[in-house]
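Analysis of the macromolecular model
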Amino acid sequence: MTAAPTLAHTGATLTAAAHPAITPRLVVPGAADAPLGLDAEHDLGTYLPRVYDADPAVFLDTLEASGLRGRGGAAFPAHLKWRGVAAGEGPRVVVANGEEGEPASAKDRWLLTRRPHLVLDGLLHAARTVGADRAVVYLSHPETVQAVRTALDELAADGDERAHRVEIHTVEPTYVAGEESAVCRSISGGPALPTAKPPRPHESGVDGRPTLVSNVETLAHAAWIARHGAEAYRAEGTDTSPGTTLVTLGGACARPGVYEVPLGLTVRQLFDEVGGGLADGVHGVLMGGWFGGMLRHDHLATACCYDALRTLGSGLGCGAITALGTDDSPLRVAAELSVWYARESAAQCGVCVNGTKAIRDTFARLADGAGTADDTGRLARWGQTLPRRGACAFLDGAATLARSAVTQYPEVFPALP
Ligand SMILES: Cc1cc2nc3c(=O)[nH]c(=O)nc-3n(C[C@H](O)[C@H](O)[C@H](O)COP(=O)(O)O)c2cc1C
Ligand code: SF4
């Protein structure tokens, strides 16, 4: 993996905390900075046999009623994806996606190393619900591989034969390795590179079978919902963005780290109420890892919910939010991230190779003070025209960076005529 920009979350302190106003579901006591073992998980009801006696059709309705959306980035309604795979022809596959190639994010690493049993519970539950005979945990960080192996050994030693049905698939960490078609291609024996769509994995994924690729946090919430129900899940969050979520707060704040928070708090509340407060002079944030682009400080009162962020052309993505401080000038940050985008492109689509390089070169000129109004115009245009042009959504991230930099910080760009 190429070196990540300085705004990457190092994950060096893999501890987590919950917002004080919630009863945590993921960051439960004892799990903040140490793995929760099988006995402790049994006490919480993890792997309850009754979960596995439930009628799959009933659980799909519960999942729909819960309003759970994917935590891997696209926020797709979980029940639609699960139903799509359940309706597929022939043997099916489920995959827990724990690759976490997003440099600003550490929440999947925290979850996999502290609550691996909850993720496995969700994966096994998903397999039973969609009728899959193969369950795979897809990982690249060594500490997550170790944690999941230990959890499976613990489960096997406890006499639970389901432990033998779960495979671990490891992959070299790159940004695109976590994209769902790359996930399926790698597990099928190919390179971890995205493929053209359609077909999508739920139609034809691992070895051409209908495949549910789900982020590990999504599966953990699904396991919680299976035990507590949709109504309990909706007790936190908002009507359209229900539940709690893990966020990785980073950058210019007092306590960077992983936090479980209710959906719907404002960006500023997140930093004030769990992140220890923003540093003086914070002028904006990078949203959704780097996929949601830049939001200037005027928008810190925006609710972290799917609808409000979409209205601004941004998104919660994988839940990583990085505060931009006085040392992080918008042009320097954009230039640095665009170098990373150009390097991490899987170089399969001409439009992505050329687009990310052009964005990189343009930001470099502007950051050096040699840019022109034409450069501003080009970035604004690419922000509109490049999304959805690549085989995967990687290019959309680079385009969002270009568009958001120009629209959120117009004062630092040469003015358009
Ligand atoms: C370039 C790129 C990289 C991605 N990397 C990850 C990743 O590391 N982990 C992840 O869970 N999803 C990642 N995704 C999203 C997956 O394609 C997929 O939507 C997700 O795993 C589905 O899980 P969910 O429905 O639970 O969110 C990535 C998407 C793109 C376009
Ligand atoms: S859009 Fe970019 S990252 Fe995605 S498959 Fe094409 S070249 Fe690779």
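See the structure printed just above.
Conventions and cut-offs
Residues numbered from 1 in each chain as written. Chains lettered and ligands numbered in written order. Predicted model: local features only at pLDDT ≥ 70, side-chain atom pairs only at ≥ 80, totals over all residues. Pairing = 2+ DSSP bridges. Helix = DSSP H or I, 4+ residues; strand = E, 2+ residues; numbered from the N terminus. Axes fitted to C-alpha atoms, helices over the stretch in contact; angles between N-to-C directions. Contact = placed C-beta atoms within 7 Å. Near = placed C-beta within 6 Å. Nonpolar A, V, L, I, M, F, W, Y, C, P; charged D, E, K, R; others polar.

Bringing the sheet that holds strand β7 (residues 257-262) into the picture now. The 6 strands are arranged β1-β7-β6-β10-β8-β9 in an open sheet whose pairing can be described as mixed. The open sheet has two edge strands, β1 (16-18) and β9 (294-296), and neither has a second partner. Each strand of the sheet is rotated relative to its neighbour by a mean of 30°, with strand direction disregarded. Pairing analysis gives 6 bridges linking strand β6 (residues 244-251) to β7, with the strands arranged antiparallel. Considered in β7, the bridge of Leu249 is made with Gly257. Each of β1, β6 and β7 is contacted by helix α5 (residues 107-114), which is oriented at about 125° to β6, the strand it contacts most.

Moving on: the site of ligand 2. Around ligand 2 sit 13 residues, and of these Ala346, Cys349, Cys352, Gly390 and Cys392 come closest. A breakdown of the residues in the shell around ligand 2 according to their chemical character gives 10 nonpolar, 3 polar and no charged.

Attention now moves to the sheet that holds strand β2 (residues 92-98). A sheet is described by the order of its strands in space; here 4 strands give the open sequence β4-β3-β2-β5, paired in parallel fashion. Bordering the open sheet on either side are β4 (166-170) and β5 (211-215), each of which pairs with just one other strand. Shown here is a sheet whose adjacent strand axes are inclined to one another by a mean of 25°, direction ignored. Summarising the sheet, strand β3 (residues 132-139) and β4 pair through 5 bridges and their orientation is parallel. Pairing of Ala135 across the sheet is with Val166, part of β4.

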